[in-house]
Amino acid sequence: MTTAFIFPGQGSQAVGMGKSLADSFAAARAVFEEVDAALSQKLSTLMWEGPADDLTLTANAQPALMAVSLAVVRVLEAEAGLNLKRDAAFVAGHSLGEYSALAAAGTFSIADAARLLRIRGDAMQKAVPPGQGAMAALLGADLDLARAIATDAAQGDVCEAANDNGGGQVVLSGAKAAIDRAIVLAGERGVRRAMLLPVSAPFHCALMQPAAEAMRAALATVTMHAPVVPVMANVGAAPLSDVEAIRASLVAQVTGTVRWRECVEAMATAGVDRFVELGSGKVLAGLVKRIAPGATPLSVGTADDVSAYKP
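Computed from a prediction, not measured in an experiment: that's the story for all the values here.

1. Focus on the overall build of the protein
Then step 1. Helices and strands together make up the secondary structure of the protein, namely 15 helices and 10 strands.
Then step 2. The C-alpha atoms of the protein give 18 Å as radius of gyration, which agrees with the globular expectation for 311 residues (19 Å, within 12%).
Then step 3. By its C-alpha atoms, the protein is 55 × 45 × 35 Å across when sized along the principal axes.
Then step 4. Burial statistics for the protein: of 311 residues in total, 55% are counted as buried.
Then step 5. Contacts spanning at least 24 positions in sequence make up 75% of the contacts within the protein whose residues lie at least 6 apart.

Encoded structure:
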């Protein structure tokens, strides 16, 4: 089979994630220790003991999810002989998961990925005052319909498609008043369900421009290497290997649409027939089932998953 390794984004966090890996494998413990040291914080304790409200904070959730994903990578390298350069056609990640994918492929060190995601999380949180932005999931809408609803709901405010997740799920992001209008319009236009998401900021829309500038500055200072395998980038839904193109894509990703459906479709078209999700939860594996029903999705996020994994 031709394999792509995919890495989850925000929303997949849960108290206890990564604990079984740390308990079972020295390679995992080393990753969590490296992230704790990079952030000068016992993030691993927060991940394993909570409270959930603190773990869900964007500045914590983003590096924490990356840490679990990279712990899985390191454990599979040690226990199952994983070699991404040999075994993967592509890597890809959903939003912050793109940083995990790039760290796994050698573009960033784990410590640099953790620091970048802390900066990213803080900057995204601070870009819009609390209560002024919102996000809503439209279930039973394709991208064209969602964009039409966003355009009509904007009325001078920001209202944009943030995530095209596939399977008829598109997330809108923007000013709170515009998102409220979009939810009403969605009901009028036959969308099966439209609901506000419990998020702390309106990610992946023009309101995040201050965060994009913060990431432009941060990425300019970090050493980056060409990934050992192409990364299927969120904003272009096309594979990237050039460091400067990756840097520009990561800046654009802060305000741009996460084109996850197109990323999976492009990898499937290129011959990928197995998608292995590395990290917390099984959200991406579920989306793959709906986007590429002929492909085999797997999730590896616990010690038991590692034991069951077949290269």
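So much for the structure itself; the text now carries on.
2. Description of the environment of Tyr-309
Then step 1. With respect to the element layout, Tyr-309 can be found in the segment after helix H15 (303–308).
Then step 2. Spatially, the C-alpha atoms of Tyr-309 and Gly-11 are 24 Å apart, while their sequence positions differ by 298 residues.
Then step 3. Those residues within four positions of Tyr-309 in sequence are excluded, and the remaining contacts are Phe-5, Leu-76, Ala-80, Leu-82, Arg-274, Val-276 and Val-300.
Then step 4. Side-chain polar atoms of Tyr-309 contact the side chain of Arg-274, separated by 3.4 Å.

3. A word on the side chain of Asn-60
Then step 1. Here Asn-60 lies in helix H5 (residues 58–80).
Then step 2. For Asn-60, a relative accessible area of 10% translates into the label buried.
Then step 3. If we ignore the near neighbours within four places in the chain, the residues touching Asn-60 are Gln-41, Leu-43, Leu-46, Asp-54, Leu-55 and Arg-118.

4. Things to note about the pairing of strand S4 (residues 159–166)
Then step 1. Burial within S4 is extensive, with 7 of its 8 residues counted as buried.
Then step 2. Bridge count between S4 and strand S5 (residues 169–175): 6 bridges; the pairing is antiparallel. Bridge pairing in S5 places Asp-164 opposite Val-170.

Quick notes on the rules
Residues numbered from 1 in each chain as written. Predicted model: local features only at pLDDT ≥ 70, side-chain atom pairs only at ≥ 80, totals over all residues. Heavy atoms only, no water. Helix = DSSP H or I, 4+ residues; strand = E, 2+ residues; numbered from the N terminus. Rg over C-alpha atoms; globule rule 2.2 N^0.38 Å. Buried < 20%, exposed > 50% of the residue type's maximum accessible area, 1.4 Å probe, protein only. Contact = heavy atoms within 4.5 Å. Polar contact = N/O pair within 3.5 Å; in protein donor to acceptor, adjacent residues only side chain to side chain. Pairing = 2+ DSSP bridges.

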